[in-house]
Amino acid sequence: MTTTTHAFQAEVKQLMKLMIHSLYSNKEIFLRELVSNASDACDKLRFEALQNPDLLAEGSDFSISLSADKEAGTVTITDNGIGMSKDEVVQFLGTVASSGTREYLNAMTGDQKKDAQLIGQFGVGFYSAFVVSERVEVDSRRAGSTEAVRWSSEGTGEYTLEDSDFDQRGTRITLHLREDDKEFADAMRLRYIVKRYSDHIAVPITLAGEDGEVETINDTTALWQRPKGEIDEQQYKDLYQSMSHAMDEPLAWSHNRVEGKYEYTSLFFIPSTRPFDLYEREQRNGIKLFIQRVFVLEDKEQLLPRYLRFVRGLVDSADLPLNVSREILQSNKVVDAIRSGSVKKILGIIESMNKNDADKYVEFWNLFGAVLKEGVVEDAGNKDRIAPLLRFASTHNDNLDETVTLADYIGRMKSSQEPIYYLVGDTKEGAASSPHIEGLRAKGIEVLILGDRIDEWLVSHLQEFEGKPLRSAAQGDIDLGDDTVDEERQKQLDEQYKDLVARVQSLLSDKVDDVRLSQRLVESPSCVVAQEGAPSGYLQRMLEEAGQAMPSLKPVLEINPTHPLIVRMGVEQDKDLFKQYASLLYEQAILAEGGQLTDPAAFVKRVNQVILSVSN
Ligand code: ADP
């Protein structure tokens, strides 16, 4: 094969540029990334060879070897793992495969400083080699093949491909260091970096010293198998970063050795940055599963429920068979036991942050609170442990920060108040200024303000907390506590507005189920509320958006007898104008709760007509 030249996918170029900017103060990470890829390559071959033992024809001892050449200014990293075919080299080193990463890159702001911070959220990888190299050569031969390929690039726009004389299975990466980074072509330096970031790698890492002597430099006994007392904080943090390809420090972690029916070790970390793919269907990172210290696979589904997908870490089992497959994991008693044990440990980490470190918990909640909420829906068995961890915005505060617990709320309830009131809107801002909560607010009754997509599901699954039912402020008739209602006055109003209510009802009969005088309105003339037991307007819209056919449930229109508009309607002689007013009462109520009008143009026309009639 002659040498051919190829262009990188646009996103790869973008990624490399960002990488160089974001890592300038932390350059040594390139070695951690390349060693980690080499170790993954060995794991992959071990795994494939379970099905196809011929792949190990050249031997089953895996190793990663490092060497430095001061004079030439080069560092090489060689592994005897799975290797790459020519097509794979083109695919893996020339394109960004994950569509999530691609979208993410496309969404970058162009502000290099900001973007550089963001890159830490999805790990760095192979391209970090260009942070210290002016040219990178990759020689690779796929296990089971006899042909090797050489990939070479200066990291600008192109790479070349040619035949390689690399005569072993696996991959060799040669870094031609930049003038300013020649310091890395030093065995002592490489040893130091490996000790710091890659000591736990199970494959032996060898280093050729200046004298030509080769020695193994990592401690292949897995860090997590050592007793907790022998591991210091920095080691945990380094392990987190190297295992998760992360640049942040973990907020908290928990390391456990479980003995009993099944034996396993688990180590879980809570990150301090939000992974960019947190809301995608599939996540890039998962929990690493080891079996008797041998890495087997990275699991994204079986070992932890989805609502804990932000957790990083590992499980090392003594009971699972080494040739375990993803299918076996799906229905396995051992896995089930590990999963429920792991959930408890992780909830334990979160509970302890909540109890012992308020600032840290705020940080945690702001990063992952909305995901943790999914647990109330997904994990009925642990609902009662998750509920006290929830934080809400509330009318008790003059901002929309999520700081109020359900217990705080109950602690402030008046003895006559039965339910915990909440209101869900498209946004917290919308909910907080909704007419639905005017009356409650005026009476000093607290309302929890919710605005996440998950919130309707959350409240419908939570239903109650410590015996107090949760109740939407946009649903059913509202009881503001019996001591606050003046029954005499109410009767008088009912009598006074009987005719008006009946007229409005007959005019709007195709849109609303009922019209009544409101207990909950103070400033607004009207609002729509769902019937007792029916989904709120907001939930109905969500279900419709999700493609669920909804029976059309007509709401109840509540009107505020103290509002000047209603007072005026009471004396309006012009029948047509009265009709326009009635329609406006309904339409503005729909708009105020974030709904859409079926005929916005008619609404606009009506508004203009009414304005003109007033000014005449
Ligand atoms: P990541 O490892 O996060 O997938 P990288 O950019 O580090 O991203 O690597 C891209 C891909 O290139 C890897 O997923 C792997 O398939 C391949 N690769 C990288 N290094 C090696 C290696 N030493 N041996 C075999 N394949 C490798």
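Use the structure listed above.
Just so it is clear, the model here is predicted, and its values are computed rather than measured.

Turning our eyes to something else, we now look at the site of the ligand. Neighbouring the ligand are the residues Asn37, Ala38, Ala41, Lys44, Asp79, Met84, Phe92, Leu93, Gly125, Phe126, Thr171 and Arg284. Between Asn37 and the ligand, the recorded distance is 2.7 Å, taken from a side-chain N or O atom to an oxygen atom. Contact distances for the ligand include 3.0 Å between a nitrogen atom and a side-chain N or O atom of Asp79. Broken down by secondary-structure element, the contributors of at least two residues to the shell around the ligand are helix 2 (29–51) and helix 3 (86–94). In terms of residue count, helix 2 provides more of the shell around the ligand than any other element does, four residues in total. A breakdown of the residues in the shell around the ligand according to their chemical character gives six nonpolar, three polar and three charged.

Under the criterion given, the structure shown has 16 aromatic pairs. Taking the centre distance of 5.5 Å and the plane angle of 40° together, the rings of Tyr361 and Phe364 count as tilted. With Tyr361 and Phe364 both in helix 10 (residues 358–372) and three residues apart, the pair spans about one turn of that helix. As far as the burial class goes, Tyr361 and Phe364 line up, both buried. Here Phe364 and Phe368 contribute two aromatic rings whose centre-to-centre distance is 6.0 Å and whose plane-to-plane angle is 55°, an arrangement assigned as tilted. With Phe364 and Phe368 both in helix 10 and four residues apart, the pair spans about one turn of that helix.

The next thing to look at is the sheet that holds strand 4 (residues 133–141). If you walk across this open sheet you meet the nine strands as 1-6-5-4-7-3-2-8-9, and the pairing is mixed. Sheet topology places strand 1 (4–7) and strand 9 (214–216) at the edges, where each strand pairs with a single neighbour. If you compare each strand with its neighbour and ignore which way they point, the axes differ by 20° on average. Across four bridges, the pairing between strand 1 and strand 6 (residues 158–163) is antiparallel.

Rules used in this analysis
Residues numbered from 1 in each chain as written. Predicted model: local features only at pLDDT ≥ 70, side-chain atom pairs only at ≥ 80, totals over all residues. Heavy atoms only, no water. Near = heavy atom within 4 Å. Polar contact = N/O pair within 3.5 Å; in protein donor to acceptor, adjacent residues only side chain to side chain. Helix = DSSP H or I, 4+ residues; strand = E, 2+ residues; numbered from the N terminus. Nonpolar A, V, L, I, M, F, W, Y, C, P; charged D, E, K, R; others polar. Phe/Tyr/Trp six-rings, centres within 6.5 Å; stacked < 30°, edge-to-face > 60°. Buried < 20%, exposed > 50% of the residue type's maximum accessible area, 1.4 Å probe, protein only. Pairing = 2+ DSSP bridges. Axes fitted to C-alpha atoms, helices over the stretch in contact; angles between N-to-C directions.

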